[in-house]
Amino acid sequence: MGRYGVMGGTFDPIHLGHLVAAQAALHEFELDAVYFVPSGQPPHKRHVTDGEHRYVMTLLATAANPRFYTSRVEIDRVGYSYTYDTILYLRQEFNSDEIYFITGADVISHLHTWYRYRELLQVCHFVAATRPGFAFDDALQSSSLTAAEVERISFLEVPSLAISSTDIRQRVRDGRPIKYLVPSAVENYIYKHALYRSGE
Ligand code: ATP
Ligand code: MG
């Protein structure tokens, strides 16, 4: 039982944009906990850092928050996991049908390309957090979701952070600062393991 948030992502690396969106959803929907789920190797992203590094960084970023947890479910599976399968698995694991899948606004424009997205919208509440550079109206127009499908999505206003993992990786490559964009433990981990030094 209980109400759970789930935030999926590559988290390559996790940054404050992810954490702020998760915290806003936790508060708004009175969730008991939010589980961060780093993905396995996604087919649509060319080079992605080893899952173990992405898992540890996500753990470091979430460990101090009593309501944040990090799940190994996708990185421990061989290959890529579909969100639909992960949600079905977590519904069983939590013994709950109140799952809130938390995304940023950019996800909405291509949600209709996701594996079993119609069923996915039935097995969880979908939360789309505002994200700078991605307008909900534009995203919905290019999404080809039906009105009934759009109704299944809760749009959540969160403090705007124009941070992306892509930008963090570029900053590390360029020798520019990432301080205050990622938790300090994540920053230290990136330098310690010399992540993102070379191109994608
Ligand atoms: P990349 O640039 O590699 O795609 P990213 O910053 O988009 O990285 P992801 O791991 O792809 O991070 O995103 C995981 C989830 O977090 C997605 O649903 C995404 O929309 C959301 N998200 C990422 N950054 C933000 C942000 N700054 N504000 C709100 N949501 C965000
Ligand atoms: Mg992304």
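Residues numbered from 1 in each chain as written. Chains lettered and ligands numbered in written order. Predicted model: local features only at pLDDT ≥ 70, side-chain atom pairs only at ≥ 80, totals over all residues. Heavy atoms only, no water.

### Overview of the environment of Thr10
One can find Thr10 in the loop between β1 (3–9) and α1 (16–28). Exposure remark for Thr10: the relative accessible area of 13% places this residue in the buried category. (Helix = DSSP H or I, 4+ residues; strand = E, 2+ residues; numbered from the N terminus. Buried < 20%, exposed > 50% of the residue type's maximum accessible area, 1.4 Å probe, protein only.)

### Quick look at the site of ligand 1
Around ligand 1 sit 21 residues in total, of which His15, Asp106, Leu161, Ser165 and Thr166 are the nearest. Note that an oxygen atom of ligand 1 is positioned 3.0 Å from one of the side-chain N or O atoms of His18. In the environment of ligand 1, a nitrogen atom lies 3.1 Å from a nitrogen or oxygen atom belonging to the backbone of Ile163. In isolation ligand 1 exposes 600 Å². Once the protein is present, 90% of that is buried. The set of elements that each furnish at least two residues to the shell around ligand 1 consists of β1, α1, β4 (98–104) and α7 (165–174). (Near = heavy atom within 4 Å. Polar contact = N/O pair within 3.5 Å; in protein donor to acceptor, adjacent residues only side chain to side chain. Areas by Shrake-Rupley, 256 points an atom, 1.4 Å probe, with all protein chains shown as cover.)

### Description of the environment of Lys179
With respect to the helices and strands, Lys179 occurs in the loop between α7 and α8 (184–192). Given a relative accessible area of 46%, Lys179 falls into the partly exposed group. For the pair Lys179 and Ile168, spaced 11 residues apart in sequence, the C-alpha separation works out to 9.9 Å. A distance of 3.5 Å separates a polar atom in the side chain of Lys179 from a polar atom in the side chain of Glu187.

### What about the nonpolar core?
Counting residues in hydrophobic clusters, the biggest one holds 32 residues, and the most contacted among them are Ile14, Val34, Phe36, Met57 and Ile190. When residues of this core are traced back to their parent elements, those giving at least two are α1, β2 (33–38), α2 (51–62), β4, β5 (125–129), α7 and α8. Those residues in contact with Met57 that sit more than four places away from it in its chain are Pro13, Ile14, Val186, Tyr189, Ile190, Leu195 and Tyr196. Counting residues in each nonpolar core, the second largest holds 26 residues, with Val6, Val123, Ala139 and Leu145 among its members. (Core = buried A, V, L, I, M, F, W, Y, C linked by side-chain atoms within 4.5 Å. Contact = heavy atoms within 4.5 Å.)

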